[in-house]
Amino acid sequence: MNKFISYEGLPLNSGGAHAINSKSPVDNYNNTLQFLEKYAFDTKPKSITLTLYESKNNDYSTLKLIPQLSLKNGIPKIWNDGFLKSWRWNLNLENINNGFEALEINKKLPRNYFGPIVLSVQWNFDLIDPKTGKILPNQDKFPQLDNRINKIWNSRLNLRLSKKSTISAWLAFPFEQVGEYEENYIRKIKTNLPFKPSDKHWRIWNKSKNGNWTPRKIK
């Protein structure tokens, strides 16, 4: 592989993501799942996390919420990154509805820098041809640019549901040339994404003679 195409929306290394606030958390989750069922080989999430953040301005008490959330989800892990302390529960598909029920509590809580309660779902996957259901070839040949791409999973979506819902994406297409098939594939995937993609974040990566990969914007 000497070339491939990527979409990074918005850059994961800057913490950015597409806002998807026009629909409910359940609708945003279902829309994302519909996309994955059409274009991903495996739709099982890599992780599902429910997070409660402490109030930046002491507008609400986490001491009242932790027991309520722990009753259904077990004992949380405590995180402290020096900014806001948080309590996190790892969920699975069998109890993901506990996460959606927890998001209803947000309606009674004031806005916070994060959360206050966030349901995060991450998928890592290989892209498929929606007509045949077969994995697009050569996805095992992608280079490891940074920890977002590895030899097992090459594309990812990270859905973050809260008062402000967002989705970040890294999509890698094993296309070394852009012919009719490749153009049709990308055009159709744009219309099926659970967010409106930005034309500014498409790249074609080229491998140099010394093995380095350099991205170039696709105009």
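A few points on the structure. (Residues numbered from 1 in each chain as written. Predicted model: local features only at pLDDT ≥ 70, side-chain atom pairs only at ≥ 80, totals over all residues. Heavy atoms only, no water.)

## Quick word on the side chain of N154
Okay, so step 1: Within the secondary structure, N154 is located in the loop between β6 (117–125) and β7 (155–161).
Okay, so step 2: In this structure N154 comes out as buried when scored by relative accessible area, which is 1%.
Okay, so step 3: Separated by 2.7 Å, the side chain of N154 and the backbone oxygen of Q139 make a polar contact. (Helix = DSSP H or I, 4+ residues; strand = E, 2+ residues; numbered from the N terminus. Buried < 20%, exposed > 50% of the residue type's maximum accessible area, 1.4 Å probe, protein only. Polar contact = N/O pair within 3.5 Å; in protein donor to acceptor, adjacent residues only side chain to side chain.)

## Notes on the environment of K107
Okay, so step 1: The residue K107 is located in the loop between α3 (96–103) and β6 in this model.
Okay, so step 2: By relative accessible area, K107 is classed as exposed at 65%.
Okay, so step 3: For the pair formed by K107 and K163, sequence separation is 56 residues and the distance between their alpha carbons is 8.0 Å.
Okay, so step 4: A distance of 2.9 Å separates polar atoms of two side chains, one belonging to K107 and the other to E104.

## A closer look at helix α2 (residues 62–73)
Side chains that are three or four residues apart share a direction in an α-helix, a result of its 3.6 residues per turn.
Okay, so step 1: In this model, α2 (12 residues) spans 15 Å end to end at C-alpha, consistent with the 16 Å of a helix rising 1.5 Å per residue.
Okay, so step 2: Restricting attention to buried positions, one finds in α2 the residues T62, L65, I66, L69, S70 and N73. One face of α2 carries all of its buried residues, which in axial projection span an arc of 130 degrees. With respect to the buried face of α2, the exposed residues turned more than 90 degrees away are L63, K64, L71 and K72.
Okay, so step 3: Looking at the buried residues of α2, the elements they touch are β3 (47–53), β5 (85–91), α3 and β6.
Okay, so step 4: Where α2 starts, the residue carrying a side-chain oxygen 3.3 Å from the main-chain nitrogen of L63 turns out to be S61.
Okay, so step 5: Phi turns positive one or two residues past the end of α2, at G74, with a value near 90 degrees. (Expected span 1.5 Å × (residues − 1). Arc of directions from axis to C-beta. Contact = heavy atoms within 4.5 Å.)

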